[in-house]
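Structure assessment
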Amino acid sequence: MGAEPLPTARQWEILAPSHPADILLLDYGLLSRDVVPLAVDPWVMVLARAVNACVEALWVDGRLVVRHGTVVGIDELAIAAEPQVHRH
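Everything in this summary refers to the structure shown in the same document.

Thresholds, definitions, all that
- Residues numbered from 1 in each chain as written.
- Predicted model: local features only at pLDDT ≥ 70, side-chain atom pairs only at ≥ 80, totals over all residues.
- Heavy atoms only, no water.
- Salt bridge = Lys/Arg side-chain N within 4 Å of Asp/Glu carboxyl O.
- Helix = DSSP H or I, 4+ residues; strand = E, 2+ residues; numbered from the N terminus.
- Buried < 20%, exposed > 50% of the residue type's maximum accessible area, 1.4 Å probe, protein only.

With respect to the pattern of salt bridges
This model, assessed by the stated rule, comprises 1 salt bridge. Two residues, Asp-34 and Arg-49, come together in a salt bridge whose shortest N-O distance is 2.9 Å. In this pair, Asp-34 sits in the loop between helix 2 (28-31) and helix 3 (42-49) while Arg-49 sits in helix 3, placing the two residues 15 residues apart along the sequence. On the basis of relative accessible area, Asp-34 is assigned to the exposed category, the value being 54%. Overall, the relative accessible area of 31% leaves Arg-49 in the partly exposed class.

Observations regarding unusual backbone geometry
Here the phi dihedral of Asp-61 falls at roughly 55 degrees; this positive angle occurs in a residue that is not glycine. Of note, Asp-61 is situated in the loop between strand 2 (55-60) and strand 3 (63-67). On the accessibility criterion, Asp-61 (53% relative accessible area) is exposed. The backbone of His-68 shows a phi angle near 55 degrees, a positive value even though the residue is not glycine. As for its position among the elements, His-68 is in the loop between strand 3 and strand 4 (70-71).

Shown next as structure tokens:
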């Protein structure tokens, strides 16, 4: 399999059916709860303070993979309860 060209800027701008997209939706209220509004650039807030608790939803290649901070389609509690196998 050969290398694929990077999408052009125009291809990145399309949000429509049949166009793959990665979208991250953050809870900005949670992210900025202790900050005076407009006192800090929103991009600085996202880059400096975003943590997993702030993730409201995540779509990868157009498919929802996180909803309300929980991975969709995976039982995280069951995985955490499984015995851990360590390989050396």
